Protein chains: 2
Amino acid sequence: MARRYFEDFFEGLTVDLGNVEFTAEGIIEFACAYDPQPMHTNPDAARDSIYGGLIASGWHTAGAYMRLLVDSVIGQSDSLGSPGIDSLRWLKPVRPGDTLRGSFTVLEAKGSRSRPDRGIVRSRGEMLNQDNEVVMQLEAVNFFGRRPASA
Amino acid sequence: MARRYFEDFFEGLTVDLGNVEFTAEGIIEFACAYDPQPMHTNPDAARDSIYGGLIASGWHTAGAYMRLLVDSVIGQSDSLGSPGIDSLRWLKPVRPGDTLRGSFTVLEAKGSRSRPDRGIVRSRGEMLNQDNEVVMQLEAVNFFGRRPASA
């Protein structure tokens, strides 16, 4: 895959990031480390909760999106990091056995005024489940280096 | 610790969430699973990067904040989940050996119009390093159940 520079991130670009499956073991492992609430760590307690069963930590879903994004986009780019996320919404529970598909869409791309070697890309990221329901949506900001004259 | 209900989250409430230490091993382990960029996974490549050494994934710092928040606040509350995060900013790199302190401040607390059994709490979360620099800041929304008449 060709290396992506700022110039390659035009408004409207959409990239299918592929799939990731969530398992009970993976949900529990993440949650024990980073979000040890019973609906994420204890199947019996989760069954009796308002969720009716084990669900993934929202931060786990965010991390899974990031992994897909690095594998498909950022890892093959001249990435210069991210200042942050403008909005992150958890819209539906993610359960064991769910397969989530990631999607990345460029909302805006503009050159940096203060740093002429880079540009700023605002994007919408989504994770959709096997029923095509959007389970998570975020708006992110990323910096990418401009294509050098030689590339 | 007494169980926290919506009524206990008043505007201006601040909770010190305690500390967490970041190690090179922990940074690499998280990043290999969720954010496998070289500045997070490969000390040699990280040294030659714009960061001058290994730094933690921003999602790792967010997860570490969530862990502190669950241990100190959410785990002892009548939490009814979160619709999402309104803003998340990574302000300084987090490096191996850094000890981060979490802080939680209530920005706004209001009853739910549609669900009288609960309230909506907007909060600012911060992670500060040992030099008292804010390395991450977020604004979150959480739902908490109202205190029952019997409690």
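Right, let's walk through the structure included here. (Residues numbered from 1 in each chain as written. Chains lettered and ligands numbered in written order. Predicted model: local features only at pLDDT ≥ 70, side-chain atom pairs only at ≥ 80, totals over all residues. Heavy atoms only, no water.)

## Notes on the pattern of salt bridges
Then, in step 1: Applying the stated criterion across every chain, the model contains 20 salt bridges over all chains.
Then, in step 2: The shortest N-O distance in the salt bridge between A:Glu7 and A:Arg146 comes to 3.5 Å. Residue A:Glu7 is found in the segment before strand 1 (14–21), and its partner A:Arg146 is found in the segment after strand 5 (134–145); the two are separated by 139 residues along the sequence.
Then, in step 3: The salt bridge involving A:Asp86 is made with B:Arg89; its shortest N-O contact spans 2.6 Å. Taken together, the residues A:Asp86 in strand 2 (residues 84–90) and B:Arg89 in strand 2 (residues 84–90) connect one chain to another. (Salt bridge = Lys/Arg side-chain N within 4 Å of Asp/Glu carboxyl O. Helix = DSSP H or I, 4+ residues; strand = E, 2+ residues; numbered from the N terminus.)

## Describing the interface of chain B and chain A
Then, in step 1: Of the residues lining the interface, 32 residues belong to chain B; the matching set on chain A comes to 32 residues.
Then, in step 2: Summed over both sides, the interface between chain B and chain A buries roughly 2,700 Å², with carbon and sulfur atoms accounting for 60% of that surface.
Then, in step 3: On inspection of chain B and its partner chain A, the count reaches 16 residue pairs in polar contact (both at pLDDT 80 or more).
Then, in step 4: Of all the secondary structure elements, the ones that give two or more residues to the side of chain B that touches chain A are helix 1 (24–34), helix 4 (58–72) and strand 2 of chain B.
Then, in step 5: If you tally residues by element for the side of chain B that touches chain A, the top one is helix 4 of chain B, at nine residues. (Contact = heavy atoms within 4.5 Å. Buried area = accessible area lost by both parts, 1.4 Å probe. Polar contact = N/O pair within 3.5 Å; in protein donor to acceptor, adjacent residues only side chain to side chain.)

## Overview of the relation of the copies chain B and chain A
Then, in step 1: Once chain B has been moved 0.0 Å along the axis and rotated by 180 degrees, it coincides with chain A to within an RMSD of 0.0 Å. The symmetry that links the two subunits is that of a two-fold axis. For chain B, the smallest separation between a C-alpha atom and the rotation axis is recorded for B:Ser87, amounting to 2.7 Å.
Then, in step 2: Of all interface residues in chain B, 100% are interface residues in chain A too; the two copies therefore contact each other through one and the same surface. (Least-squares fit on C-alpha atoms with pLDDT ≥ 70 in both.)

## Some details on the environment of B:Ala56
Residue and element names in this part refer to chain B.
Then, in step 1: Along the chain, the position of Ala56 falls in the loop between helix 3 (43–47) and helix 4.
Then, in step 2: Linking Ala56 and Asp8, residues 48 residues apart in sequence, is a C-alpha distance of 34 Å.
Then, in step 3: Excluding its chain neighbours within four sequence positions, the residues that come into contact with Ala56 are Phe22, Ile27, His40, Thr61 and Val94.

## So, the side chain of B:Asp98
Residue and element names in this part refer to chain B.
Then, in step 1: By the secondary structure assignment, Asp98 is in the loop between strand 2 and strand 3 (99–111).
Then, in step 2: It is Arg95 that comes nearest to the buried, bridge-free Asp98 among opposite-charge side chains, at 6.0 Å.
Then, in step 3: In terms of polar contacts, Asp98 uses its side chain to reach the side chain of Gln130, at 2.8 Å.
Then, in step 4: In contact with Asp98, other than residues within four places in its own chain, are Val20, Glu21, Phe22, Pro93 and Gln130. (Buried < 20%, exposed > 50% of the residue type's maximum accessible area, 1.4 Å probe, protein only. Lys, Arg positive; Asp, Glu negative; His and termini not counted.)

## Some remarks on the sheet that holds strand 5 (residues 134–145) of chain B
Then, in step 1: Ordered in space as 1(A)-3(A)-4(A)-5(A)-2(A)-2(B)-5(B)-4(B)-3(B)-1(B), the 10 strands form an open sheet in which the pairing is antiparallel. In this open sheet, the two strands that pair with only one neighbour each are strand 1 of chain A together with strand 1 (14–21) of chain B. On average, each strand axis in the sheet is tilted by 20 degrees relative to the strand beside it, whichever way the strands run.
Then, in step 2: Of the strand pairs in this sheet, strand 1 of chain A and strand 3 (residues 99–111) of chain A are connected by seven bridges, and their pairing is antiparallel. Bridge pairing in strand 3 of chain A links A:Asn19 to A:Arg101.
Then, in step 3: Taken strand by strand, helix 4 of chain B contacts strand 2 and strand 5 of chain A together with strand 1, strand 2, strand 3, strand 4 (118–128) and strand 5 of chain B, and its axis lies near 125 degrees from that of strand 1 of chain B. (Pairing = 2+ DSSP bridges. Axes fitted to C-alpha atoms, helices over the stretch in contact; angles between N-to-C directions.)

## Digging into the packing of aromatic side chains
Then, in step 1: By the definition in use, this model includes 11 aromatic pairs over all chains.
Then, in step 2: With centroids separated by 5.5 Å and ring planes inclined at 90 degrees, the aromatic side chains of A:Tyr34 and B:Phe30 adopt a geometry described as edge-to-face. One end of the pair, A:Tyr34, is in helix 1 (residues 24–34); the other, B:Phe30, is in helix 1, on a second chain.
Then, in step 3: By relative accessible area, which is 16% here, A:Tyr34 ends up buried.
Then, in step 4: Note on B:Trp59 and B:Trp90: the rings are 5.3 Å apart at their centroids and 75 degrees apart in plane angle, and the pair reads as edge-to-face. With B:Trp59 in helix 4 and B:Trp90 in strand 2, this residue pair connects regions lying 31 residues apart in the sequence.
Then, in step 5: You can call B:Trp59 buried: its relative accessible area is 7%.
Then, in step 6: According to the relative accessible area criterion, B:Trp90 is buried, its value standing at 16%.
Then, in step 7: The structure contains a cluster of three or more aromatic residues connected by ring pairs, namely A:Phe30, A:Tyr34, B:Phe30 and B:Tyr34. (Phe/Tyr/Trp six-rings, centres within 6.5 Å; stacked < 30°, edge-to-face > 60°.)

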